[in-house]
Amino acid sequence: MANLVEATTNQQFEDFLAKAGKCLTVVHFQAAWAPQCGQMNEVMAVLAKEHTHTTFVKLEAEAVPEVSEKYEIASVPTFLFFKGGEKVDRLDGAHAPELTKKVERLAVAGNAATGVDSGTTDLNQRLKKLINAAPCMLFIKGSSQEPRCGFSRQIVALLKEHNIQFSTFDILSDEEVRQELKTYSNWPTYPQLYANGELVGGLDIVKELAESGELENTCPKAVTLEHRLKTIINQSPIMVFMKGNKEAAKCGFSRQTLELMNDTGVDYNTFDILQDEEVRQGLKTYSNWPTYPQLYVKGDLIGGLDILKELKESGELVSVLKGES
């Protein structure tokens, strides 16, 4: 797809912005270890088909630290929206419906400004986009954090209990969607759950699927914390979990660890636990190691700063890092 591209350098990023001119450019600051980034890339692919005059750029946040720092990217996924090389909007987090809304609003404005004939967006097309904004979409009163009726509260609790990955749309925020979706889906009540663009049903149907054990097969499951931790630990042969990163340690222990690692000349990657509280707490339990920094080689825990110092003193550090002992 010509308008869905990937940038790996600062120069590529600048070139894509320049080439787009006054048309909308959506930049996804992502990370390979974050499953929610993969899910949002699927959403971007759908949007790219619908908005052919908009450029969608996938950018590995850690590969372009100068760009990430310039635009204050603190977590992934983060989306920045550009026109004429200038940032015009921002979206933090994996919020598929919100991304769709922003793209539709900004793309139409951009098309008008550049003389592109956008035409009248058909309501059915809008509903179709919303339904397909995420693999599993739930239309409710309120949000997953704050459901605003008993039925909505029950269905959210049920999906979370079964570890289903889903996004929500608040029908109270859009009366047109609230009324027309009932006709479009031929389903007169809410909540409404959709999987891969197809209507699953309301609360009663979801209850039946849960009781029969079929719900997990109908909707995509959320990635467990354990799976996520394994993915991050194995994203590089040598991983250091610390406060800060390679460029800037944010505590004395982390700074000492970087000095020891840098002296070996062996290549390694870091993960900043200050940027992700779930990883920070979960990894201590997963590894049965209560403090940071933590060093992993080929997926196995080596230990913390004291262990590194002992290995350095015994002359074994380099061979351990290279997996030779």
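To keep things clear, this report deals only with the structure shown in the data block. (Residues numbered from 1 in each chain as written. Predicted model: local features only at pLDDT ≥ 70, side-chain atom pairs only at ≥ 80, totals over all residues. Heavy atoms only, no water.)

### Details of the pairing of strand E8 (residues 192–195)
For step 1, the next point in the chain: Here E8 shows a buried face lined by Gln192 and Tyr194 and a second buried face lined by Leu193 and Ala195.
For step 2, the next point in the chain: As paired elements, strand E6 (residues 136–140) and E8 share 4 bridges and run antiparallel to each other. Bridge pairing in E8 links Cys136 to Ala195.
For step 3, the next point in the chain: Here E8 runs beside strand E9 (residues 198–201); their pairing, made up of 3 bridges, is antiparallel. Looking at the pairing, Tyr194 lines up with Leu199 of E9.
For step 4, the next point in the chain: Adjacent in sequence and paired antiparallel, E8 and E9 are bridged by 2 residues, among which Asn196 carries a positive phi angle near 50°. (Buried < 20%, exposed > 50% of the residue type's maximum accessible area, 1.4 Å probe, protein only. Helix = DSSP H or I, 4+ residues; strand = E, 2+ residues; numbered from the N terminus. Pairing = 2+ DSSP bridges.)

### Description of the side chain of Arg228
For step 1, the next point in the chain: Note on placement: Arg228 falls in helix H10 (residues 225–233).
For step 2, the next point in the chain: Side chain to side chain, Arg228 and Asp276 meet in a polar contact 2.4 Å long. (Polar contact = N/O pair within 3.5 Å; in protein donor to acceptor, adjacent residues only side chain to side chain.)

### Some words on helix H11 (residues 252–264)
For step 1, the next point in the chain: When the terminal C-alpha atoms of H11 are compared, their 19 Å separation across 13 residues agrees well with the 18 Å that a helix rising 1.5 Å per residue should span.
For step 2, the next point in the chain: Taken residue by residue, H11 has Ser254, Thr257, Leu258, Leu260, Met261 and Thr264 as its buried positions. Taken down its axis, H11 places every buried residue within 165° of arc, on the same side.
For step 3, the next point in the chain: Those residues of H11 that are buried lie in contact with strand E10 (238–242), strand E11 (269–272), strand E12 (294–297), helix H13 (305–314) and helix H14 (317–321).
For step 4, the next point in the chain: Just beyond H11, the residue with positive phi is Gly265, at close to 75°. (Expected span 1.5 Å × (residues − 1). Arc of directions from axis to C-beta. Contact = heavy atoms within 4.5 Å.)

### Quick word on the packing of aromatic side chains
For step 1, the next point in the chain: For the structure on display, the rule yields 8 aromatic pairs.
For step 2, the next point in the chain: Taken together, a centroid distance of 6.3 Å and an interplanar angle of 70° make the contact between Phe13 and Tyr71 edge-to-face. Taken together, the positions of Phe13 in helix H1 (residues 10–20) and Tyr71 in the loop between helix H3 (65–70) and strand E4 (78–83) put the pair 58 residues apart, joining distant regions of the chain. Note on accessibility: Phe13 and Tyr71 belong to one class, buried.
For step 3, the next point in the chain: Taking the centre distance of 5.2 Å and the plane angle of 75° together, the rings of Trp33 and Phe271 count as edge-to-face. Taken together, the positions of Trp33 in the loop between strand E2 (25–30) and helix H2 (35–50) and Phe271 in strand E11 put the pair 238 residues apart, joining distant regions of the chain. In this structure, Trp33 and Phe271 share a single accessibility class: buried.
For step 4, the next point in the chain: One aromatic cluster in this structure is built from Trp33, Phe241, Phe271 and Tyr296.
For step 5, the next point in the chain: For Lys246, the ring lying beneath its charged end belongs to Tyr268, and the centroid distance is 4.5 Å. (Phe/Tyr/Trp six-rings, centres within 6.5 Å; stacked < 30°, edge-to-face > 60°. Lys NZ or Arg CZ within 6 Å of the ring centre and 35° of its normal.)

### A closer look at empty space enclosed by the protein
For step 1, the next point in the chain: According to the stated counting rule, one finds 1 cavity of 30 Å³ or more in the structure shown.
For step 2, the next point in the chain: Roughly 40 Å³ of internal volume is contained in the largest cavity.
For step 3, the next point in the chain: Lining the largest cavity are Val43, Val46, Leu47, Thr100, Lys129, Asn132 and Ala133.
For step 4, the next point in the chain: Looking at the lining of the largest cavity, the element that brings in the most residues is H2, giving 3 residues.
For step 5, the next point in the chain: Of the residues contributing to the lining of the largest cavity, the split by class is 4 nonpolar, 2 polar and 1 charged. (1 Å grid on protein atoms, 1.4 Å probe; cavity = no way out; pocket = protein on both sides within 12 Å on 5 of 7 lines; lining within 4 Å. Points joined across faces, edges and corners; volume = space filled by probe spheres on them. Nonpolar A, V, L, I, M, F, W, Y, C, P; charged D, E, K, R; others polar.)

### Considering the nonpolar core
One broad rule of soluble globular proteins: the nonpolar side chains tend to lie buried together.
For step 1, the next point in the chain: Among the nonpolar cores identified, the biggest contains 31 residues, and Phe13, Phe29, Leu59, Phe241 and Phe271 are the most heavily contacted of them.
For step 2, the next point in the chain: Of all the elements, H10 adds the most residues to this core, at 3 residues.
For step 3, the next point in the chain: Here this core spans two domains, since at least three of its residues come from each of domain 1 (4–108) and domain 3 (227–322).
For step 4, the next point in the chain: Ignoring any residue separated from it by four or fewer positions in sequence, one finds Phe241 in contact with Ile232, Ile233, Phe271, Ile273, Val279, Leu283, Tyr292, Pro293, Gln294 and Tyr296.
For step 5, the next point in the chain: The next biggest cluster of nonpolar side chains, apart from the first, holds 29 residues, and it includes Val26, Phe56, Ala107 and Met137. (Core = buried A, V, L, I, M, F, W, Y, C linked by side-chain atoms within 4.5 Å. Domains from an automatic or database assignment.)

### Notes on the sheet that holds strand E7 (residues 167–170)
Sheet strands line up and pair through hydrogen bonds in the backbone, either parallel or antiparallel.
For step 1, the next point in the chain: One open sheet holds the 4 strands; their spatial order is E7-E6-E8-E9, and the pairing between them is mixed. On the outer flanks of this sheet lie E7 and E9, each paired with one strand and no other. Direction aside, neighbouring strands of the sheet carry axes that sit 30° apart on average.
For step 2, the next point in the chain: Against the sheet, helix H6 (residues 150–161) contacts E6 and E8, and its axis sits at roughly 160° relative to E6. (Axes fitted to C-alpha atoms, helices over the stretch in contact; angles between N-to-C directions.)

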